[in-house]
Amino acid sequence: MRPLGAVLAIGLLMAIGCDDDETAKSGVAPHPFANETVTVAVPKGSGFSEAWKGLLDEWSEQTGAAYRLVDYDEGNSARGELPQGDLIVLPFADLGEFVAANRLALIPAAQISGESAKDWLDFFAGLRERVLSIGGSPTIIPFSCPVLTCYFRRDLLEKAGLKPPRTWDEYQTLAESVSKWAPGLSVAEPWAPDFRATMFLARALPAVKSPGSYSVFFDIESGVPLIDSPGFVRSLEQSVAAVSKLPAEIKNLTPAECRQLILTGKAAIAIAFEPGRTDVKKVERPSGISLSFARLPGARQVFSHASNAWTTPDQGINDATLAPFTGLAAGVARSIPPKRADAAWNLASFLSLDRYEQAFVNAPKSVCRESQLSGAATWVSPDLRTNEIFGYEAVTAESLRQPNISAELPVLGRAKFRQALTEGLTAALEGKTPPDAALKGVAQRWRAISKELGGDHVRDSYRKCLGLSAAMNLPGLPADAAAGK
């Protein structure tokens, strides 16, 4: 097992105590966490309770610690009923609730400095610097963080002399001409109701978030919703126009179904992500189909909330990654005894580094570290050929390395905000409400949700999830500003 640098070293020194002479005689290393019991809380239905027993027995034997595995219901997190445990495996979607409740401890300095720093720095830079820190301090360890990716029929693109698009305008041109370069094939985008908000935010992000900006979904000082800002409105107008030119079935497609369509030769373009598990049924893929992958397109103009104007990126095209929108992470509970906390962090590292492939053999996983890229071909879905796997992983890595990254609605009350957005998007996509009016209605509902949850709590959970400190009482900020009054 790979030790956690100073954390494990300290544990060893503490465990040696008065048994130094006897240990030296026997030549057997002491157990660093003897007499400690770590409670591991995992989402119910994840399969971890059964799959992890052998791994946790191994870790227990090596460290001397005992463990207790408990399941918790994910749905309770949105109601403020957070799981009890020392090491908590939590969906990224629930992070806002944990942050608002101040339930997570900071990662010990020994894990992110000195000899152990290489393991922390191994995480993709954008993911590490923009997602894993809470309130400015490293706090969580990711287990999986997929990103939406463009799948293309490489064989057909090359035959037509075409290249993957760099902007959404170029993407739309390519999609509208699919009958010419891929006769009889479709364009598959995941606009199913349960994924509609994610698809829209992924498409809109390059038009609303420039590198270094934080006020994207909410104003970071006042907490006022920004979902009806010009960048989001333009993106929804473009989305409505694009969807209207595609078959009606697209409004019910999930990412998995989009992936299925391109693998089975029915689509020439798809937006999806790999399932990241080896127990799924292999797709029967016709011969002659080869795939290539690209990041989701960017935008040539970005709306700046600070200047209230459209700007042109210095680099010409603004790329932005929506991640995480799903996935799992691990955190350690605040206010537990230091030695037990050290044991919990040690276990988190054991699962995410030493035994990652075994720990997630039948659970969704995706590369989060530079070191995982070379071995991904051994555990990514067998539907992709080896060269395609490395192409897909390269796109994932590129997306997660860049600093212009944002989680999907990283805020207290995420489920409520997301549901309100989904309903507004549905009204626009079905032609019942113009895009600008639909988003104004969403913003109004978001203000009501913020007021219900406590505007300051919403604003500060958003700030802390972005790696900023809580606003507390900013000079000149009215007490009810975050409620939108």
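Residues numbered from 1 in each chain as written. Predicted model: local features only at pLDDT ≥ 70, side-chain atom pairs only at ≥ 80, totals over all residues. Heavy atoms only, no water.

A short note on the sheet that holds strand β2 (residues 66-72)
A sheet is described by the order of its strands in space; here five strands give the open sequence β2-β1-β3-β14-β6, paired in mixed fashion. In this open sheet, the two edge strands, each paired with only one partner strand, are β2 and β6 (141-142). Relative to strand β14 (residues 328-332), β6 runs antiparallel, the two being bridged by two bridges. Within β14, the position partnered with Ile 141 by the bridge is Ala 330. Along the sheet, helix α4 (residues 53-63) contacts β1 (37-43) and β2; its crossing angle with β2, the most-contacted strand, is approximately 150°. Contacting β1, β3 (87-91), β6 and β14, helix α14 (residues 338-354) runs over the sheet at an angle of about 50° to β1. (Pairing = 2+ DSSP bridges. Helix = DSSP H or I, 4+ residues; strand = E, 2+ residues; numbered from the N terminus. Contact = heavy atoms within 4.5 Å. Axes fitted to C-alpha atoms, helices over the stretch in contact; angles between N-to-C directions.)

Comments concerning helix α18 (residues 435-453)
Each α-helix turn comprises 3.6 residues. Residues three or four places apart therefore point the same way. Here α18 is 19 residues long and its end C-alpha atoms lie 27 Å apart, about the 27 Å a rise of 1.5 Å per residue gives. Taken residue by residue, α18 has Pro 435, Ala 438, Leu 439, Val 442, Ala 443, Trp 446, Ile 449 and Ser 450 as its buried positions. The buried residues of α18 occupy an angular sector of 140° when the element is viewed end-on, so they sit on one face. Among the exposed residues of α18, those pointing more than 90 degrees away from its buried face are Lys 440, Gln 444, Lys 451 and Glu 452. In the core, the buried residues of α18 are packed alongside α11 (196-208), α12 (230-244), α17 (414-429) and α19 (455-465). (Expected span 1.5 Å × (residues − 1). Buried < 20%, exposed > 50% of the residue type's maximum accessible area, 1.4 Å probe, protein only. Arc of directions from axis to C-beta.)

Here's the deal with helix α16 (residues 386-401)
For α16, which comprises 16 residues, the first-to-last C-alpha distance of 22 Å matches the rise-based estimate of 22 Å (1.5 Å per residue) to within 8%. If you check which residues of α16 are buried, you get Glu 388, Ile 389, Tyr 392, Glu 393, Val 395, Thr 396, Ala 397, Ser 399 and Leu 400. Taken together, the buried residues of α16 touch α7 (125-130), β7 (149-153), β10 (291-295), β13 (321-322) and β15 (405-406).

As for unusual backbone geometry
Cis peptide bonds are those with omega within 30 degrees of zero, and the linkage from Ala 323 to Pro 324 qualifies with 0°. Relative to the helices and strands, Pro 324 resides in the loop between β13 and β14. Within the chain, Asn 35 stands out as a residue other than glycine whose phi angle is a positive 75°. With respect to the element layout, Asn 35 can be found in the loop between α2 (20-26) and β1. For Asn 35, a relative accessible area of 79% corresponds to the exposed category. Within the chain, Ser 335 stands out as a residue other than glycine whose phi angle is a positive 65°. With respect to the helices and strands, Ser 335 occurs in the loop between β14 and α14.

A closer look at the packing of aromatic side chains
Taken as a whole and assessed by the stated rule, the structure comprises 19 aromatic pairs. Ring centres of Tyr 151 and Phe 293 lie 4.9 Å apart, and the angle between their planes is 75°; on these two criteria the pair is classed as edge-to-face. Linking Tyr 151 in strand β7 with Phe 293 in strand β10, this pair joins segments that are 142 residues apart in sequence. Of the residues examined, Tyr 151 reaches a relative accessible area of 0% and is grouped as buried. Among the residues examined, Phe 293 registers a relative accessible area of 12% and is labelled buried. Cluster of aromatic residues (ring-pair linked, three or more members): Phe 48, Trp 52, Phe 143, Tyr 356 and Phe 360. The ring of Phe 123 has Arg 369 sitting right over it, with the charged end atom 3.9 Å from the ring centre. (Phe/Tyr/Trp six-rings, centres within 6.5 Å; stacked < 30°, edge-to-face > 60°. Lys NZ or Arg CZ within 6 Å of the ring centre and 35° of its normal.)

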